[in-house]
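Residue-level structural notes
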Amino acid sequence: MAKNTDGRPPGTVDELDENRLASFGYKQELRRDWGLAHNFGVSFSIISVITGITTLFSYGLNTGGPAVMSVGWILVSFCTLLVAIAMAEIVSAIPTSGGPYFWAALLAPPRWSPFAAWPTGWFNLLGQVAVTTGISFGLAGLIATAASVKSTTYTPTPGKTIGIYAAILVSHALVNTFGVRVLKYLNNTSIFLHSAGVSAICIAVLAKAPTHQPASFVFQTFYDGTGVDGAVGWSIRASPAYLALCGALLSQYTLTGFDASAHLSEETKNASWSAPIGVVSSVVFSALFGFFVLMAFLFSVQDFQGTLSSQYDQPVLQIFVDVFGENGALGVFSVIMICVWHCGLFSMTSNSRMMFAFARDGGIHPFFHSVDSRFKSPVRAVWLAATLAFILALPSLGSAVAFSAATSIATIGLYISYGLPILIGLIWQKSFVAMKGPFNLGVFSRPIAAAACTWIGCIAVVFCLPATNPVTDQTLNYTVVAVGIIGIFAIGSWVVWAHRWFTGPAAEAMEAMRMGVDITEPGALESKEAEALQTSNDDGAETVV
């Protein structure tokens, strides 16, 4: 059998993947050795239901209580699945590390292509950084809380938590720098911990709990703890519906990050099929699994008020202490912290790939478009991701709601970047149809895309609203500030200078895709352009006659 210069037989999956990437105008730079299971595992690990539920459990209990947490999870899961399905169809057509900003550029008409890519890329970058911040800063808080359980001298402070957070980010950056070869094995470990490990914890909690709450508590108990310093809560100042919408943050933030399957597509075999399946399956499994985790915790609450006002300031830990005692609780809590560490690790992996791709296309400085020849890792992008995530957490030194704000920023930033290419594909549907991959929704494409965009528009407004009353410099939801800065910067910089030089991702490749040409075939694009020009001239001549 004839072989290529690198020893592979022609027509292998690897070669087809590389040719597909070349059709977008890019060469294979990252190591492509991930399968469907690995691709799914990265998104599943980043979604990490145990991370979102554990770190935002207190927020959920105080912002609507068990009723909003349980019913809200079901509604949010359904709407998120619509977004994932709409995204998967685009991923199948355009499997590149750039993800949303590249999709926006390719789906928009040529005239608007660079402008579509520019704000989409910046919102995705913000969301990626904020997700890493939310996960790793949440882990720092869990570690600080766990350290205080058995210690009579250690008291968690914002400064100490920031120090723990910095150490976590460094550990993630080091693994992503030197351990690319072991990432897929850590991914397997993460899948096992997030599935079998967390399942074992939930079953043990349910089995060992002295008593169980009735279903009426889990699905009907509405609680408003958003008022501080004697003020009324938002259900009174505004309405119960307002509070329920704000309380949906727990569910929506948890079910975020599934675009990681797209960002890892250049390292995934058979990416046009594996990446979209990774997107959808990670959301489906996370929604079902997350509901199980949520039910296990809520049914096992022993004393609602005692859990709310826990001496540990962490209601999930309080549930474990009530069920297992302090020693057993710390053991179980340690497993959760390991899961969260893996979640943060792969969040930085996805984050750095997006920055690498954005730098490749000129969205950020080309200094960050660099792959270490020895480790096959975008090292500069990895450390940029770590640095920006650290900076985004600094407001926690002076804000009581910094963590929930970071999660809101992550949710809004990512979902806006998800929604823009979906909206563009909805508006310019004919161009999108011409480039669709094997994951094709057919007649359901436009209704699902419209529903997804509507949902994203709603949450982009809701999660900017204040969730603590009264609103002061300590309780201000600075999400609107961070999202506003990125929005103003993206539009303002485009108007002032970026429109002069930013051409978007591989303009020639995008034109080839629109014309249905394989850019890897020498002379194919030129031939097609000449044919189109000839056709145009012939039509003009007929008009004159």
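No experiment lies behind these values; they were computed from the predicted model shown.

As for the overall build of the protein
- A tally of regular secondary structure across the protein gives 23 helices and 2 strands.
- Within the protein, the fraction of its 545 residues that count as buried is 58%.
- Considering only contacts within the protein whose residues lie at least 6 apart along the sequence, 82% involve residues at least 24 apart.
- Split by element, the accessible area of the protein, about 20,800 Å² in all, is 66% carbon and sulfur.

A few points about the environment of Thr 161
- Here Thr 161 shows up in helix 7 (residues 158-178).
- Remark: the alpha-carbon pair of Thr 161 and Phe 137, spanning 24 residues in sequence, is separated by 7.9 Å.
- Setting aside anything within four residues of it in sequence, one finds Thr 161 in contact with Phe 137, Ala 140, Gly 141 and Ala 144.

Comments concerning the pattern of salt bridges
- Within this structure, the stated rule accounts for 2 salt bridges.
- Residue Glu 89 pairs with Lys 436 through a salt bridge whose shortest N-O separation is 2.8 Å. With Glu 89 in helix 4 (residues 65-93) and Lys 436 in the loop between helix 19 (429-434) and helix 20 (445-462), this residue pair connects regions lying 347 residues apart in the sequence. No difference in accessibility class separates Glu 89 from Lys 436, as the two residues are buried.
- The closest approach of N and O atoms between Glu 326 and Lys 150, which form a salt bridge, is 3.4 Å. With Glu 326 in helix 16 (residues 315-360) and Lys 150 in the loop between helix 6 (113-149) and helix 7, this residue pair connects regions lying 176 residues apart in the sequence.
- Classification of Glu 326 as partly exposed rests on a relative accessible area of 26%.

Remarks on the nonpolar core
- One finds Phe 57, Phe 258, Phe 297 and Phe 320 to be the most contacted residues of the largest nonpolar core, which totals 168 residues.
- The element that contributes the greatest number of residues to this core is helix 16, accounting for 24 residues.
- Those residues within four positions of Phe 57 in sequence are excluded, and the remaining contacts are Gly 52, Met 69, Leu 250, Leu 294, Phe 297, Leu 298, Pro 315, Val 316 and Ile 319.

Brief notes about the packing of aromatic side chains
- One pass over the full model with this rule turns up 30 aromatic pairs.
- Judged by centre distance (5.5 Å) and plane angle (90 degrees), the rings of Phe 137 and Tyr 165 are edge-to-face. With Phe 137 in helix 6 and Tyr 165 in helix 7, this residue pair connects regions lying 28 residues apart in the sequence. Side by side, Phe 137 and Tyr 165 carry an identical accessibility label, which is buried.

A few points about the layout of surface pockets
- Taken as a whole, the second largest pocket encloses approximately 280 Å³ of empty space.
- In terms of lining, the second largest pocket is formed by Leu 125, Leu 126, Val 129, Leu 388, Ile 391, Leu 392, Pro 395, Tyr 478, Val 481, Ala 482, Ile 485 and Ile 486.
- Among the secondary structure elements, those contributing two or more residues to the lining of the second largest pocket are helix 6, helix 17 (379-393) and helix 21 (479-501).
- Considering each element in turn, the lining of the second largest pocket owes the most residues, 4 residues, to helix 21.
- In the lining of the second largest pocket, the residues fall into 12 nonpolar, no polar and no charged.

Side note on unusual backbone geometry
- Look at the link from Asn 469 to Pro 470: it is a cis peptide, with omega at 0 degrees.
- Within the element layout of this structure, Pro 470 appears in the loop between helix 20 and helix 21.
- Located in the positive-phi region is Asp 229, a residue other than glycine, with phi close to 55 degrees.
- Position of Asp 229 relative to the elements: it lies in the loop between strand 2 (223-224) and helix 10 (234-237).
- Given a relative accessible area of 79%, Asp 229 falls into the exposed group.

Notes on helix 14 (residues 271-299)
- An ideal rise of 1.5 Å per residue puts 42 Å on 29 residues; helix 14 measures up with 41 Å between its terminal C-alpha atoms.
- Counting buried positions along helix 14 yields 21 of 29 residues, so the element is predominantly enclosed.

Notes on the confidence of the model for the protein
- Averaged over the protein, the pLDDT score is 85; the fraction of residues at 70 or greater is 85%.
- By mean pLDDT, the top-scoring element of the protein is helix 9 (residues 215-220) (97), and the lowest-scoring one is helix 1 (residues 13-22) (49).
- When the criterion is pLDDT under 50, residues 1-10 qualifies, and its contacts beyond four places in sequence or with other chains add up to 14 contacts.
- Across residues 518-526, confidence stays below pLDDT 50; counting only partners more than four residues off in sequence or on other chains, it has 15 contacts.

What to know about a nonpolar patch on the surface
- A surface patch of nonpolar side chains, about 560 Å² in accessible area, is lined by Phe 489, Ile 491, Val 495, Val 496, Trp 497 and Trp 501.
- By secondary structure assignment, the location of Phe 489 is in helix 21.

Some thoughts on helix 5 (residues 100-107)
- A large share of helix 5 lies buried, amounting to 8 of its 8 residues.
- Within helix 5, burial applies to Pro 100, Tyr 101, Phe 102, Trp 103, Ala 104, Ala 105, Leu 106 and Leu 107.

Comments concerning the side chain of Gln 429
- Within the fold, Gln 429 resides in helix 19.
- Of the residues examined, Gln 429 reaches a relative accessible area of 13% and is grouped as buried.

A word on the packing of helix 6 against helix 7
- Between helix 6 and helix 7, whose axes approach to 8 Å, the crossing angle comes to 125 degrees. Relative to helix 7, the element helix 6 lies oblique. Here the hand of the crossing between helix 6 and helix 7 comes out right-handed. Facing helix 6, whose interface residues are Thr 132, Thr 133, Ser 136, Phe 137, Leu 139, Ala 140, Gly 141, Ile 143 and Ala 144, helix 7 presents Thr 161, Ile 162, Ile 164, Tyr 165, Ile 168, Leu 169 and His 172.

Section: the packing of helix 18 (residues 402-427) against helix 21
- Running from N to C, helix 18 and helix 21 cross one another at 35 degrees; their axes reach a closest spacing of 9 Å. The chirality of how helix 18 crosses helix 21 is right-handed. Contacts from Ala 405, Ser 408, Ile 409, Ile 412 and Ile 416 in helix 18 reach Thr 479, Ala 482 and Val 483 in helix 21.
- In terms of residue class, the contact of helix 18 with helix 21 is built from 6 nonpolar, 2 polar and no charged.

Parameters and conventions
- Residues numbered from 1 in each chain as written.
- Predicted model: local features only at pLDDT ≥ 70, side-chain atom pairs only at ≥ 80, totals over all residues.
- Heavy atoms only, no water.
- Helix = DSSP H or I, 4+ residues; strand = E, 2+ residues; numbered from the N terminus.
- Buried < 20%, exposed > 50% of the residue type's maximum accessible area, 1.4 Å probe, protein only.
- Contact = heavy atoms within 4.5 Å.
- Areas by Shrake-Rupley, 256 points an atom, 1.4 Å probe, with all protein chains shown as cover.
- Salt bridge = Lys/Arg side-chain N within 4 Å of Asp/Glu carboxyl O.
- Core = buried A, V, L, I, M, F, W, Y, C linked by side-chain atoms within 4.5 Å.
- Phe/Tyr/Trp six-rings, centres within 6.5 Å; stacked < 30°, edge-to-face > 60°.
- 1 Å grid on protein atoms, 1.4 Å probe; cavity = no way out; pocket = protein on both sides within 12 Å on 5 of 7 lines; lining within 4 Å.
- Points joined across faces, edges and corners; volume = space filled by probe spheres on them.
- Nonpolar A, V, L, I, M, F, W, Y, C, P; charged D, E, K, R; others polar.
- Expected span 1.5 Å × (residues − 1).
- pLDDT = per-residue confidence, 0-100.
- Patch = residues over 30% accessible without salt bridge, like charges linked within 9 Å, V, L, I, M, F, W, Y side chains within 5 Å.
- Axes fitted to C-alpha atoms, helices over the stretch in contact; angles between N-to-C directions.
- Parallel < 35°, antiparallel > 145°, perpendicular 65-115°, else oblique.
- Left-handed = near helix turned anticlockwise from the far one by under 90°.

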